[in-house]
Amino acid sequence: MTQPGTPATTDLAPKINRAFDFAGAQLRRLIETHPDYFPMYTQAGKWRHGGDTWTNWCEGFLGGQLWLLYHRTRDPYWRAKAEHYSRLIEHRKTDWDVHDLGFLFWSTWKRWYDLEGDPAVNAVVVEAGRTLSLRFKEKGQYLRSFVADDSLFIDIMMNVGIIFYAAQQTGDAELLRRATQHALTTRRCLVRGDGSASHEGIFDLNTGEFLRQTTQQGWRDDSSWARGLTWALYGFGAVYGFTGDERFLRTAQACADFYIERTPAHGVPPNDWEEPNPALPYESSAAAIAASGLLSLAALTRDTAQAAGYRACALRILNTLTEPEFLAIDTPGWEGILKHGMYHQRRGLGVDESVMWGDYFFLEALDKAAGAA
Ligand code: GLY
């Protein structure tokens, strides 16, 4: 069932083509002006600045966009740049300091492997998955966030997939146990009955007891930070894809239903749904993640009406994000692709700017929508 105002994929095709052409021009300028530089967010529309990064989790999103451009165009220029920017981050496969190895390697080396099937490339993905599994806390049964041992982030649901993948590739039951337990703990402690999600959970390190929900980037401890909710929507759907465990599908669907119920018809939420009269109306990166996650969830959902609803919402989001209010195509001098993203409002980082992951998931969602046309 198509909802009123929902564009068919074919109607979107010219906008998708235009957005990809624009993305290619923006990315070519970025990598030729600032070779080997990994931006995170813009300041006044410019990628290169000395602003704080808080943590280093974004280095896969540039190579990921280059692989997406290569996938779409088969232009050897993008193939060479995509490999180059992937190789620049290979050393991170043993990085124990962050919980983000899925973001780094799924967007780059896994895309590379899917396109070309080289076992040596796959081995890097598997090693990154093994490294991430080392963050597992037996007391509490979760992968700890980068901030502290007692901290679990909803964001890790987007990264745990690489451990499931490593488990499948190697047959290692311990990897599967850690990944499954992490997803179950996150489901129990961070996803609420109404499908909203807490950003962070705090545990007692001596007993493993779950103590409380809190937030780093949202409005309040009991509110729902929009990007965190979309990490859950997308991540639980992906974990269902790995496991076939219906509990994870139901959780992804609950998060999707919350997103759809609470977001205006144009499809772009504020940074947190509970912020009263938000000063900034849009967090476009959450919308891009939701669009991509909803397209995948639609493909996993057996109920055809429910699946059509998820797909319709994804297409509404993409229809909005390809308008010049969001696509920076009519904004002279703006270096990003998607405007009105948000990194860390409380810290004043990347507020109402382009953000690397927003651009990446936007292109991923457009590529998925185009592929299904
Ligand atoms: N640290 C991941 C995010 O800002 O969504």
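Asker: Which residues make up the sheet that holds strand S4 (residues 200–203), and what values do they have?
Answerer: Pairing within the open sheet is antiparallel, and its three strands lie in the order S3-S4-S5. Since the sheet does not close on itself, it has two edges, and those belong to strand S3 (151–153) and strand S5 (210–214), each with one partner. Neighbour-to-neighbour, the strand axes of the sheet open up by a mean angle of 25°, direction not taken into account. In the sheet, S3 pairs with S4 via three bridges, with the strands oriented antiparallel. Within S4, the residue paired with Ser151 across the bridge is Ile202.

Asker: Tell me about the side chain of Ser292, and name the residues and values.
Answerer: Within the element layout of this structure, Ser292 appears in helix H11 (residues 284–300). Setting aside anything within four residues of it in sequence, one finds Ser292 in contact with Tyr234, Phe361, Glu364, Ala365 and Lys368.

Asker: I'd like to hear about the site of the ligand, residue by residue, with values.
Answerer: The ligand sits among Trp57, Asp155, Gln217, Trp225, Arg227, Trp231 and Tyr343. Within the contact set of the ligand, a nitrogen atom lies 3.3 Å away from a side-chain nitrogen or oxygen of Asp155. Arg227 is positioned with one of its side-chain polar atoms (N or O) 2.7 Å from an oxygen atom of the ligand. When the ligand sits alone it has 200 Å² of accessible area, and the protein chains cover 99% of it.

Asker: Which residues make up the packing of helix H1 (residues 9–33) against helix H2 (residues 59–73), and what are the values?
Answerer: Following both chains from N to C, one finds H1 and H2 inclined at 130°, their axes separated by 11 Å at the closest point. Here H2 runs oblique to H1, going by the angle between their axes. As H1 runs across H2, the sense of the crossing is left-handed. Between H1 and H2, the contacting residues are Ile16, Asn17, Phe20, Gly24, Leu27, Leu30 and Ile31 on the first element and Leu62, Gln65, Leu66, Leu69 and Arg72 on the second. Residues that form the contact of H1 with H2 fall into these classes: eight nonpolar, three polar and one charged.

Asker: Quick rundown of helix H13 (residues 356–371)? Include the residues and the values.
Answerer: The first and last C-alpha atoms of H13 sit 23 Å apart over 16 residues, in line with the 22 Å expected at 1.5 Å per residue. Counting buried residues along H13, 13 of its 16 residues qualify, which places the element largely inside the surrounding structure.

Asker: Tell me what's going on with the environment of Ile162, and back it up with residues and numbers.
Answerer: Among the secondary structure elements, Ile162 is positioned in helix H7 (residues 161–170). Along the chain, Ile162 and Arg130 lie 32 residues apart, while their C-alpha atoms are 8.5 Å from each other.

Asker: An account of the packing of H7 against helix H8 (residues 173–190) is requested, with residue identities and associated values reported.
Answerer: Here H7 crosses H8 at 155°, and the two axes come no closer than 8 Å. Considered as vectors, H7 and H8 are oriented roughly antiparallel to each other. Read as a crossing pair, H7 and H8 show a hand that is left-handed. Residue-level inspection shows Ile163, Phe164, Ala166, Ala167 and Thr170 of H7 in contact with H8, the latter providing Leu175, Leu176, Ala179 and Thr180. Residue composition of the contact of H7 with H8, by class: seven nonpolar, two polar and no charged.

Asker: Got a sec to walk through the pattern of salt bridges? Specific residues and values, please.
Answerer: Inspection of the entire model under this criterion finds 22 salt bridges. Among the salt bridges present, the one from Arg79 reaches Glu83, with a minimum N-O distance of 2.8 Å. Of this pair, Arg79 and Glu83 both sit in helix H3 (residues 76–87), separated by four residues, roughly a single helical turn. Overall, the relative accessible area of 17% leaves Arg79 in the buried class.

Asker: Describe the environment of Ile202, naming the residues involved and giving the relevant values.
Answerer: You can see Ile202 is positioned in strand S4. Residue contacts for Ile202: discarding those within four places in its chain leaves Asp150, Ser151, Glu209, Phe210, Leu211, Arg212 and Thr214.

Asker: Give a detailed account of the pairing of strand S6 (residues 341–344), specifying residues and quantitative values.
Answerer: Direction of pairing for S6 relative to strand S7 (residues 349–353): antiparallel, over a ladder of three bridges. Counted as the bridge partner of His344 is Leu349 from S7. Linking two consecutive strands that pair antiparallel, namely S6 and S7, is a turn of four residues; a positive phi of about 70° is found at Gly348 within it.

Here is what the cut-offs are and how they apply
- Residues numbered from 1 in each chain as written.
- Predicted model: local features only at pLDDT ≥ 70, side-chain atom pairs only at ≥ 80, totals over all residues.
- Heavy atoms only, no water.
- Pairing = 2+ DSSP bridges.
- Helix = DSSP H or I, 4+ residues; strand = E, 2+ residues; numbered from the N terminus.
- Axes fitted to C-alpha atoms, helices over the stretch in contact; angles between N-to-C directions.
- Contact = heavy atoms within 4.5 Å.
- Near = heavy atom within 4 Å.
- Polar contact = N/O pair within 3.5 Å; in protein donor to acceptor, adjacent residues only side chain to side chain.
- Areas by Shrake-Rupley, 256 points an atom, 1.4 Å probe, with all protein chains shown as cover.
- Parallel < 35°, antiparallel > 145°, perpendicular 65-115°, else oblique.
- Left-handed = near helix turned anticlockwise from the far one by under 90°.
- Nonpolar A, V, L, I, M, F, W, Y, C, P; charged D, E, K, R; others polar.
- Expected span 1.5 Å × (residues − 1).
- Buried < 20%, exposed > 50% of the residue type's maximum accessible area, 1.4 Å probe, protein only.
- Salt bridge = Lys/Arg side-chain N within 4 Å of Asp/Glu carboxyl O.

Geometric values such as these leave the question of function open.
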